[in-house]
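Listed below are the residues making up each chain.
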Amino acid sequence: MSAADKVKPAASPAAQEPSAIAGNISYHAQYSPHFSPLAFGPEQAFYATAESVRDHLLQRWNDTYLHFHKTDPKQTYYLSMEYLQGRALTNAVGNLGITGAYADALKKFGYELEAIAGQERDAALGNGGLGRLASCFLDSMATLNLPSWGYGLRYRYGLFKQRIAQEGQEEIAEDWLDKFSPWEIVRHDVVYPIRFFGHVEISPDGKRKWAGGEVLSALAYDVPIPGYKTKNAISLRLWDAKATAEDFNLFQFNDGQYESAAQLHSRAQQICAVLYPGDATEEGKLLRLKQQYFLCSASLQDIIFRFKERKSDRVSGKWSEFPSKVAVQMNDTHPTLAIPELMRLLMDVEGLGWDEAWDVTNKTVAYTNHTVLPEALEKWSQAVMRKLLPRHMEIIEEIDKRFREMVISTRKDMEGKIESMRVLDNNPEKPVVRMANLCVVAGHTVNGVAELHSNILKEELFADYLSIWPKKFQNKTNGITPRRWLRFCNPELSEIVTKWLKTDQWTSNLDLLTGLRKFADDEKLHAEWAAAKLASKKRLAKHVLDVTGVTIDPNSLFDIQIKRIHEYKRQLMNILGAVYRYKKLKEMSAADRQKVTPRTVMVGGKAFATYTNAKRIVKLVNDVGAVVNNDADVNKYLKVVFIPNYNVSVAEVLIPGSELSQHISTAGMEASGTSNMKFSLNGCVIIGTLDGANVEIREEVGQDNFFLFGAKADQVAGLRKDRENGLFKPDPRFEEAKQFIRSGAFGTYDYTPLLDSLEGNTGFGRGDYFLVGYDFPSYIDAQARVDEAYKDKKKWIKMSILNTAGSGKFSSDRTIDQYAKEIWGISACPVP
Ligand code: CBF
């Protein structure tokens, strides 16, 4: 008899009482066809529990859909190529307010909810900040009862799994769908045709139409997203690509030509096979463009279908109403093709003229910029675009032409700027479509993601457009959901916050955290706060031991940097700092060492598979750790650990246990950052530069509770020039750290190219483009201030409390409320 047999199965959906819930879990265990009914191990328990929770979600999700359908409010559609959802079970029961009931129900089977939740695989359909932001936004949209949906792609393999081998990082296909996802609902009734290639046909009356090529189908998978303490549950609609039976050539198959018989099926499978296919080859570029178009076309066809569905008299002649019912937000330039696709659907399918279609498109779409890094501002080859999407290329050319004419006729003074502002770059060597320019020209609003970043957009990247459309540009400082990033991932600290604020309302009104300020010196709070931190540090230490085999001391200062590995994020400066610290510890007397603040430096993050220097940095952190951690002289005072396979659920363990976290990008290069907000919310003190949202975090938590160092954004260009002109004089500490690595102290791997990137314009060098050398001395000084501050436990705990207390602004509820009011023009539509 299996454990599940001990509880009478009951199908009652949306059960509330632990015994009824247990019956429902048992029902799913026995009647869901995924596993043998005889087995009820932790994995089966997870799937049965998730299916039981899904019953609750479905009820709300259906009610929400019907309610939106009946009331027909203006609705936002968030188009994003990435969603970094992580695990869903803890979040779902937490938002639905049934955590306790499910925990009790699982106890009847001998299981702890936390352990069962740990069985879930992360849904990693994103790379980093941008994707995780999209997921936080969905949580806030649902919580604020906003009529809104997310659209994305259902990648078969999301972000790769990272394994650390002797040679450094290895990438392994990630397997979130290897079994199945209990959260998605396949919608066989929601299918749209998607065309690629082909040609443009012109009818006798001059109408243009796209024809020929190959046509695949987009099939919807819906993931219900529950709001916190509300009946609303919205949708994340993920598209998968498929070909039909008609596309399968039975004749060829029976003739033994298996591959060509299923050619279109295999091409369909490629589209959603992986997140970010490598784009070093022409094939890779084409595939990525196909993915982008697939998302845009399927989503817009669906949006138009719904617009018509909600009021049958809309079928004809009511297109001017479209922008009062539909807002489309493009999450970076990846969904830019929504612009020409909406124009095409309106003109070629719905029969609108250019001016009307342009007016509707412009009033519907808005664009968020997430980076100023030139290499991340997408540009597509005009030839590839024309081949894959011939009609869209025509439309883009027309947009470009009309934009030029508009500037020439209305702004004589800007003629000299036109070439760089145009959508098309017709450089004969490499003609491209500039996607960001297309977004700015076509969208009604453009926003950056932190005040500093939005100012850089206005003053530098998009400065020329500002004088034409001064009202187009806005700032929306990013935010994070306080549910996942404090309430659910850090229950110990959450309870303390609730106890001292005498309310748990902070979970949906994060500004209430300021109420903690008045207790910042209270010794009782200090004791409780320190105990909660220690509990989280112990959990973190266990994770580190499990995944790396390294023992770390929960009484040492836990110093963490977790994010994608990138030279601008300067993990290299962090590790150079650790190398310098190690060298000094080695040189000290044993007596002096005892006065040192013991530290555990943890670095985690994935390097893009083809980004060589990022991979070298991963290797270096691991090599330094291998030496330092095994050096009996110093390893009581310093450990260096690389945390493998950093993802959302690893972050949920690391962030609560952090005391210091590093956000040390070259000023002006990190658009916002959002992990800085998560750390600060969890009472972690930041060491950082004046970059991205750090600037606002420091303002909110107070400058005494933030370790600042480094050049400011407006100094960077000048410093780079100085460097080029040979005016930079390196600090001896910087030279010493590099030299120590070059000496082979951390093994035989050749770090020359990586270290040379920090030198002048020699060899592999990029002339230290990211200014590690310039900022290093002030970084080391700031770290020394950290060491001193940590010795004073009272002072440190107070800083920690004031970080949490100052985090109210960084709730994604605030961000989404601003988008809703200031960009989308939508209002709450709660299910009664
Ligand atoms: O706005 C969300 C995040 O987006 C990025 O991750 C991106 O992909 N461009 C930026 O690098 C982050 O600064 C930003 O927080």
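Residues numbered from 1 in each chain as written. Predicted model: local features only at pLDDT ≥ 70, side-chain atom pairs only at ≥ 80, totals over all residues. Heavy atoms only, no water.

Undergrad: Quick question: what am I supposed to make of the overall build of the protein chain here?
TA: Scanning the protein chain from N- to C-terminus turns up 33 helices and 24 strands. Computed over C-alpha atoms, the radius of gyration of the protein chain comes to 28 Å, within 12% of the 28 Å expected from 2.2 N^0.38 for 832 residues, which places it in the range of a compact globule. Here the C-alpha coordinates of the protein chain stretch approximately 90 × 75 × 65 Å along the principal axes. A total of 832 residues make up the protein chain; the buried ones form 60% of that total. (Helix = DSSP H or I, 4+ residues; strand = E, 2+ residues; numbered from the N terminus. Rg over C-alpha atoms; globule rule 2.2 N^0.38 Å. Buried < 20%, exposed > 50% of the residue type's maximum accessible area, 1.4 Å probe, protein only.)

Undergrad: How do you make sense of a nonpolar patch on the surface when you look at a structure like this?
TA: A contiguous nonpolar patch, built from L250, F253 and Y258 and spanning about 320 Å² of accessible area, is present on the exposed surface. Tracing the chain through its elements places Y258 in helix 8 (residues 258-261). (Patch = residues over 30% accessible without salt bridge, like charges linked within 9 Å, V, L, I, M, F, W, Y side chains within 5 Å. Areas by Shrake-Rupley, 256 points an atom, 1.4 Å probe, with all protein chains shown as cover. Salt bridge = Lys/Arg side-chain N within 4 Å of Asp/Glu carboxyl O.)

Undergrad: Would you take a moment to explain helix 21 (residues 523-548) for this structure?
TA: Taking 1.5 Å as the rise per residue, helix 21 with 26 residues should run 38 Å; its terminal C-alpha atoms sit 36 Å apart, in good agreement. Of the residues making up helix 21, those classed as buried are L525, H526, W529, A532, K533, S536, K537, L540, A541, H543 and V544. The backbone nitrogen of K524 has a side-chain oxygen 2.8 Å away, supplied by the residue at the start of helix 21, namely D522. Once helix 21 ends, the next one or two residues include G549, with phi positive near 80 degrees. (Expected span 1.5 Å × (residues − 1). Polar contact = N/O pair within 3.5 Å; in protein donor to acceptor, adjacent residues only side chain to side chain.)

Undergrad: Please clarify how the UniProt feature "modified residue: N6-(pyridoxal phosphate)lysine" (unreviewed entry) in the protein chain should be interpreted in this entry.
TA: Feature annotation in UniProt places "modified residue: N6-(pyridoxal phosphate)lysine" (unreviewed entry) on K678, given in this structure's numbering. Relative to the helices and strands, K678 is located in helix 26 (residues 675-681). In this structure K678 touches R132, I480, W485 and I655, once residues within four positions along its chain are discounted. (UniProt positions renumbered as here; feature names shortened; annotations may be inferred. Contact = heavy atoms within 4.5 Å.)

Undergrad: I tried to follow the environment of N630 on my own but got confused; where do I start?
TA: Checked against the element boundaries, N630 lands in the loop between helix 24 (612-628) and strand 21 (638-643). Taking the C-alpha atoms as reference points, N630 and R288, 342 residues apart in sequence, are found 45 Å from one another. Discounting residues that sit within four places of it in the chain, N630 has contacts with G625 and N635. A distance of 2.7 Å separates a polar side-chain atom of N630 from the backbone oxygen of A626.

Undergrad: When you look at the domain arrangement of the protein chain in this model, what are you seeing that I'm missing?
TA: How big an interface is tends to be stated in terms of accessible area lost as the parts join. Looking at the assigned domains, one finds that the protein chain contains domain 1 (72-87 + 122-477 + 818-824) and domain 2 (490-810). Averaged C-alpha coordinates put domain 1 and domain 2 at centres separated by 35 Å. Of the residues lining the interface, 33 residues belong to domain 1; the matching set on domain 2 comes to 39 residues. Buried surface at the junction of domain 1 and domain 2, summed over both partners, amounts to about 2700 Å²; 59% is from carbon and sulfur atoms. The three residues of domain 1 that bury the most area against domain 2 are Q162, L373 and L452, which together make up 20% of that side's buried surface. Where domain 1 packs against domain 2, one counts three salt bridges. (Domains from an automatic or database assignment. Buried area = accessible area lost by both parts, 1.4 Å probe.)

Undergrad: Please clarify how the side chain of T600 should be interpreted in this entry.
TA: Position of T600 relative to the elements: it lies in strand 20 (residues 599-604). Once residues within four sequence positions are removed from consideration, T600 is found in contact with I552, D553, S556, L557, F558, D559, K639 and V641.

Undergrad: Help me understand the packing of aromatic side chains, please; the structure alone is not making it clear to me.
TA: The relation between two aromatic rings is expressed through the spacing of the ring centres and the mutual angle of the planes. The full count for this structure, using the stated rule, is 41 aromatic pairs. Ring geometry for Y78 versus F137: centroids 5.8 Å apart, planes at 75 degrees, classification edge-to-face. Placement of the pair is Y78 in strand 1 (residues 75-79) and F137 in helix 6 (residues 129-143), with a sequence separation of 59 residues. Seen in terms of ring centroids, F307 and F322 are 4.9 Å apart; in terms of plane orientation they differ by 80 degrees. Their pairing is edge-to-face. With F307 in helix 10 (residues 282-310) and F322 in the loop between helix 10 and strand 12 (326-331), this residue pair connects regions lying 15 residues apart in the sequence. Exposure class is identical for F307 and F322. Each is buried. Among the aromatic residues, those joined into a ring-pair cluster are Y65, Y77, W149, Y151, Y192 and W239. Sitting above the plane of the W149 ring, R306 keeps its charged end 4.1 Å from the centroid. The ring of F558 carries the charged tip of K537 above its face, separated from the ring centre by 4.7 Å. (Phe/Tyr/Trp six-rings, centres within 6.5 Å; stacked < 30°, edge-to-face > 60°. Lys NZ or Arg CZ within 6 Å of the ring centre and 35° of its normal.)

Undergrad: Looking at this structure, I do not really get the site of the ligand. What am I missing?
TA: Neighbouring residues of the ligand: 13 residues in total, closest H370, N478, E670, S672 and G673. At 3.4 Å from an oxygen atom of the ligand is found a main-chain nitrogen or oxygen belonging to L130. Computed on the free molecule, the ligand has an accessible area of 350 Å², of which 86% lies beneath the protein chains in the complex. A class-by-class count of the residues in the shell around the ligand yields five nonpolar, seven polar and one charged. For the shell around the ligand, the domains that each give at least three residues are domain 1 (72-87 + 122-477 + 818-824) and domain 2 (490-810). (Near = heavy atom within 4 Å. Nonpolar A, V, L, I, M, F, W, Y, C, P; charged D, E, K, R; others polar.)

Undergrad: Would you mind going over the sheet that holds strand 22 (residues 660-663) with me for this structure?
TA: By definition, the strands of a sheet pair up through backbone hydrogen bonds, in either a parallel or an antiparallel sense. The strand order across the open sheet built from six strands is 21-20-19-22-23-24, with neighbouring strands paired in parallel fashion. Each end of this open sheet is capped by a strand with a single partner; those strands are strand 21 and strand 24 (706-708). Sheet twist, expressed as the average angle between the axes of neighbouring strands with direction ignored, equals 20 degrees. Two strands pair when backbone bridges link them, and strand 19 (residues 557-562) and strand 22 are joined in this way by two bridges, in the parallel orientation. Opposite I560, over in strand 22, you have S661 as the bridge partner. Across the sheet, helix 22 (residues 571-587) lies against strand 19, strand 20, strand 21 and strand 22, angled at about 155 degrees from strand 21, the strand it touches most. Against the sheet, helix 31 (residues 772-791) makes contact with strand 19, strand 20, strand 22, strand 23 (685-688) and strand 24, and its axis sits at roughly 155 degrees relative to strand 24, the strand it touches most. (Pairing = 2+ DSSP bridges. Axes fitted to C-alpha atoms, helices over the stretch in contact; angles between N-to-C directions.)

Undergrad: Any chance you could explain the side chain of K583 here in plain terms?
TA: For K583, the position within the fold is in helix 22. Among residues more than four places away in sequence, those in contact with K583 are E736 and F740.

Undergrad: Sorry if this is basic, but what is going on with the nonpolar core here?
TA: Nonpolar side chains in soluble globular proteins generally cluster together in the buried interior. If you look at the biggest cluster of nonpolar residues, it comprises 199 residues, and the most contacted ones within it are W239, F294, M385 and W824. Sort the elements by how many residues they give to this core and helix 10 lands first, with 11 residues. When residues of this core are sorted by domain, at least three fall in each of domain 1 (72-87 + 122-477 + 818-824) and domain 2 (490-810). Once residues within four sequence positions are removed from consideration, F294 is found in contact with L153, I194, F196, S217, A218, W239, D240, A241, I271 and C272. Grouped together as the second largest cluster of nonpolar side chains are 53 residues, L576, A578, I687 and F734 included. (Core = buried A, V, L, I, M, F, W, Y, C linked by side-chain atoms within 4.5 Å.)

Undergrad: It is not clear to me how the pairing of strand 20 should be interpreted in this structure. Could you clarify?
TA: Put simply, side chains in a regular strand alternate between the two faces of the sheet. Within strand 20, six of the six residues are buried, leaving the element largely enclosed by the surrounding structure. Pairing of strand 19 with strand 20, which is carried by six bridges, proceeds in the parallel orientation. Bridge pairing links I562 to G604 in strand 20. One ladder, built from six bridges, connects strand 20 with strand 21; its direction is parallel. By the bridge assignment for strand 21, T600 is matched with K639. After leaving strand 20, the chain enters helix 24 and then returns to the sheet as strand 21, a path that is right-handed. (Right-handed = clockwise from strand over helix to strand, strands pointing away.)

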